[in-house]
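# A look at the structure
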Amino acid sequence: MGAKLRLVRRRIRSIQSTKKITKAMELIAASRILKAQQRVEAARPYAELLTRAMEDVARQTGALVHPLLEERPRPERAGVLVMTSDRGLAGAYNANVLKRAEDLMGRVRERGVEPIIYVSGRKGVGYLRFRGYSIEQSWTGHSEVPTYEVAERIGRALIEAFGERRIDELYAAYTDFRSAFTTRATDRRFLPIAPEEVVRREPGLPYPEYIFEPEPAAILDELLPQYVVTKVYAALLESAASENANRRRAMKAATENAEDLTKVLTRVANQARQAEITQEIMEVVGAAEALGKASGS
Amino acid sequence: MPLDVHVVTPEREIWSGQAAMVIARGVEGEVGILPQHAPLLIRLAVGPLRIRMDGTQEAAVVDGGFLHVTTTEGVTRVDVLASYAEMAGQIDLRAAEYRVQELQRELGQRDDAGLRAELAKAMARVELAR
């Protein structure tokens, strides 16, 4: 076999084994999108009920008063929580959310507030460190299937930072999952909580006999941090669904690319094979003619 | 009118259905909820949650959280919101017992409020699963 043919065949084989991998990753990502979506749905009732409980507290006490709801008059530092993935191979997923995060930090700085960076996901840690940002704290190893436990760890750490006035505000940059085809990098403020966010309905008249144990203020002390953790959890879930949606798309493109390449290379291989055969025939014919000439004369 | 009961954790709703009575352990003592109970919002302690139906009973263990009771249009709704909760039938007794032993060993070495809270959770599971 000729050198060129061998080379082309080797490339085809290698592309095909890559294709098998990308195809498998595409299928895995597709099944994970579905699971992540179901988890987003499953998390909704709790958040809804938490809000309802807070609405009841507001109804009984007139208005909610709590440090987590208070705007600080002259904020100096704002926590910026950036949610990225642990692995790449997800198209522009990480690039988009990191761009959004840098944009957010720019806006924070414009107000004269210093951003303090918190990161979830290895990719974000790598990128931000490379760009020379200092990272206050990071959490990794959960981006594809975030559990509530992880959200609790992150949420509690940030609430503590807020309580100790290491940060005066908290923002999060993450990726909103719209559909398997549309995901959008976005940012939200998590702290302080806007009161109208937790009390959506106009509080009606207080109920005549409402039982609180312990008193409403102490209950609120538990409800509000829980609410923040739930928001972190929801954002992690949305990000995980988005990550998988982007990965599926990227892997689908890679698989199709491999198919196209195989097609082109197969033609090249066929041509090379044909050239070799032609060459051989020519050699045989040439030799026969030479032999004929030699014996005929 | 029976109670409309929902046991919900941040990850999912672990149980919902109709019941005659709900008994939970609040931070300030046990509470029993019957239909038409006054509105209530209390903090739960780590412990068992019992849901009585006509003749049968469901039990779960909750690691704290809240009990919220509201009545709208004659239907009394009971929401149990817990960070972690498990139905009695889903508790892995052997794993829970192992966890109790492990935590007791650790507590023998150093005393820590977090560890003690974990031990209470594990013990509540063992107690309920037995």
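Residues numbered from 1 in each chain as written. Chains lettered and ligands numbered in written order. Predicted model: local features only at pLDDT ≥ 70, side-chain atom pairs only at ≥ 80, totals over all residues. Heavy atoms only, no water.

## Focus: the overall build of chain A
A count of helical and extended segments in chain A gives six helices and six strands. Secondary structure elements of chain A occur, N-terminal to C-terminal, as α-β-α-β-α-β-α-β-β-α-β-α. In terms of C-alpha radius of gyration, chain A reaches 30 Å, well past the compact-globule figure of 19 Å for 297 residues. Relative to its full complement of 297 residues, chain A shows a buried share of 46%. If you take every contact in chain A between residues at least 6 apart in sequence, the share linking residues at least 24 apart comes to 78%. Just so you have it, chain A exposes about 15,700 Å², and 54% of that area is on carbon and sulfur atoms. Each charge class in chain A was averaged separately, 47 positive and 40 negative side chains, and the resulting centres sit 11 Å apart. (Helix = DSSP H or I, 4+ residues; strand = E, 2+ residues; numbered from the N terminus. Rg over C-alpha atoms; globule rule 2.2 N^0.38 Å. Buried < 20%, exposed > 50% of the residue type's maximum accessible area, 1.4 Å probe, protein only. Contact = heavy atoms within 4.5 Å. Areas by Shrake-Rupley, 256 points an atom, 1.4 Å probe, with all protein chains shown as cover. Lys, Arg positive; Asp, Glu negative; His and termini not counted. Charge placed at Lys NZ, Arg CZ, Asp CG, Glu CD.)

## Notes on the interface of chain B and chain A
Taken residue by residue, the interface counts 24 residues in chain B and 26 residues in chain A. For the chain B and chain A pair, buried surface summed over both sides reaches about 2,400 Å², with 64% attributable to carbon and sulfur atoms. Of all residues in chain B, B:Pro10, B:Glu11 and B:Leu41 give up the largest surface area on contact with chain A, accounting jointly for 27% of the area buried on that side. Where chain B packs against chain A, one counts one salt bridge. Between A:Glu222 and B:Arg43 there is a salt bridge; the shortest N-O distance is 3.9 Å. Where chain B touches chain A, the interface holds nine residue pairs in polar contact (both at pLDDT 80 or more). Only β5 (40-52), β6 (57-72) and β7 (75-81) of chain B provide two or more residues apiece to the side of chain B that touches chain A. (Buried area = accessible area lost by both parts, 1.4 Å probe. Salt bridge = Lys/Arg side-chain N within 4 Å of Asp/Glu carboxyl O. Polar contact = N/O pair within 3.5 Å; in protein donor to acceptor, adjacent residues only side chain to side chain.)

## Quick notes on the environment of A:Glu197
Residues and elements named next belong to chain A. Tracing the backbone through its elements, the reader meets Glu-197 in helix α5 (residues 195-198). The class for Glu-197 is partly exposed, based on a relative accessible area of 24%. Contact partners of Glu-197, with chain neighbours within four places excluded, come to Thr-51, Tyr-227 and Lys-231. Here Lys-231 takes part through its side chain, which lies 2.6 Å from a polar atom of the side chain of Glu-197.

## Some details on unusual backbone geometry
Residue and element names in this part refer to chain A. Look at the link from Leu-191 to Pro-192: it is a cis peptide, with omega at -10 degrees. With respect to the helices, strands and loops of the structure, Pro-192 is situated in the loop between β5 (183-191) and α5. Glu-213 connects to Pro-214 through a cis peptide bond whose omega is -10 degrees. Here Pro-214 is to be found in the loop between β6 (211-213) and α6 (216-296). Even without glycine at this site, Leu-89 takes up a positive phi of about 55 degrees. Summarising the element assignment, Leu-89 is placed in the loop between β1 (77-83) and α2 (93-110). Positive phi, close to 60 degrees, is recorded for Arg-165, a residue that is not glycine. Structurally, the position occupied by Arg-165 is in the loop between α4 (148-163) and β4 (169-177).

## Let's talk about the packing of helix α1 (residues 93-109) of chain B against helix α2 (residues 113-129) of chain B
Residues and elements named next belong to chain B. Two elements in contact, α1 and α2, have axes whose closest approach is 9 Å; the angle formed by their N-to-C orientations is 150 degrees. Comparing the axis directions of α1 and α2 gives the class roughly antiparallel. Seen from above, α1 lies across α2 with left-handed handedness. Across the interface between the two elements, Leu-93, Ala-96, Glu-97, Arg-99, Val-100, Leu-103, Gln-104, Glu-106 and Leu-107 of α1 pack against Leu-115, Arg-116, Glu-118, Leu-119, Ala-122, Met-123, Arg-125, Val-126 and Ala-129 of α2. Looking at side-chain class alone, the contact of α1 with α2 contains eleven nonpolar, one polar and six charged residues. (Axes fitted to C-alpha atoms, helices over the stretch in contact; angles between N-to-C directions. Parallel < 35°, antiparallel > 145°, perpendicular 65-115°, else oblique. Left-handed = near helix turned anticlockwise from the far one by under 90°. Nonpolar A, V, L, I, M, F, W, Y, C, P; charged D, E, K, R; others polar.)

## Notes on the side chain of A:Asn244
Following the sequence through the fold, A:Asn244 ends up in helix α6. Setting aside residues up to four positions removed in sequence, A:Asn244 forms contacts with A:Ala29, A:Arg32, A:Ile33 and A:Glu144.

## A few points about a positive patch on the surface
All names here are of chain A. Together, Arg-6, Arg-9, Arg-10, Arg-13 and Arg-273 give the surface a local cluster of positive charge. You can see Arg-273 is positioned in helix α6. When its relative accessible area of 34% is taken as the criterion, Arg-273 is described as partly exposed. (Patch = residues over 30% accessible without salt bridge, like charges linked within 9 Å, V, L, I, M, F, W, Y side chains within 5 Å.)

## Looking at empty space enclosed by the protein
All names here are of chain A. Within the structure shown, the criterion is met by one cavity of 30 Å³ or more. Empty space within the largest cavity amounts to approximately 40 Å³. If you go around the largest cavity, the residues you meet are Met-83, Thr-84, Tyr-93, Ser-120, His-142, Ser-143, Pro-146, Leu-236, Ser-239, Ala-240 and Glu-243. If one sorts the elements of the lining of the largest cavity by residue count, α6 sits on top with four residues. Among the residues forming the lining of the largest cavity, the class breakdown is five nonpolar, five polar and one charged. (1 Å grid on protein atoms, 1.4 Å probe; cavity = no way out; pocket = protein on both sides within 12 Å on 5 of 7 lines; lining within 4 Å. Points joined across faces, edges and corners; volume = space filled by probe spheres on them.)

## A look at the domain arrangement of chain A
On domain assignment, one finds that chain A holds domain 1 (3-20 + 254-296) and domain 2 (27-250). For domain 1 of chain A and domain 2 of chain A, the distance between their C-alpha centroids amounts to 58 Å. (Domains from an automatic or database assignment.)

## A few points about the packing of aromatic side chains
Using the criterion set out here, one finds four aromatic pairs over all chains in the structure. Ring centres 6.3 Å apart and planes at 20 degrees place the aromatic pair A:Tyr118 and A:Trp139 in the stacked group. Of the two residues, A:Tyr118 sits in strand β2 (residues 114-120) while A:Trp139 sits in strand β3 (residues 135-139), which places them 21 residues apart along the sequence. For the pair A:Tyr118 and A:Trp139, one class covers both residues: buried. Centroid distance A:Tyr210 to A:Phe212: 4.6 Å. Interplanar angle 20 degrees. Geometry classified as stacked. Here A:Tyr210 matches A:Phe212 in class, with each residue buried. One aromatic cluster is present, formed by A:Tyr148, A:Tyr233 and B:Tyr84 through successive ring pairs. For the cation-ring pair, A:Arg72 lies above A:Phe162, with the distance from its terminal atom to the ring centre recorded as 3.9 Å. (Phe/Tyr/Trp six-rings, centres within 6.5 Å; stacked < 30°, edge-to-face > 60°. Lys NZ or Arg CZ within 6 Å of the ring centre and 35° of its normal.)

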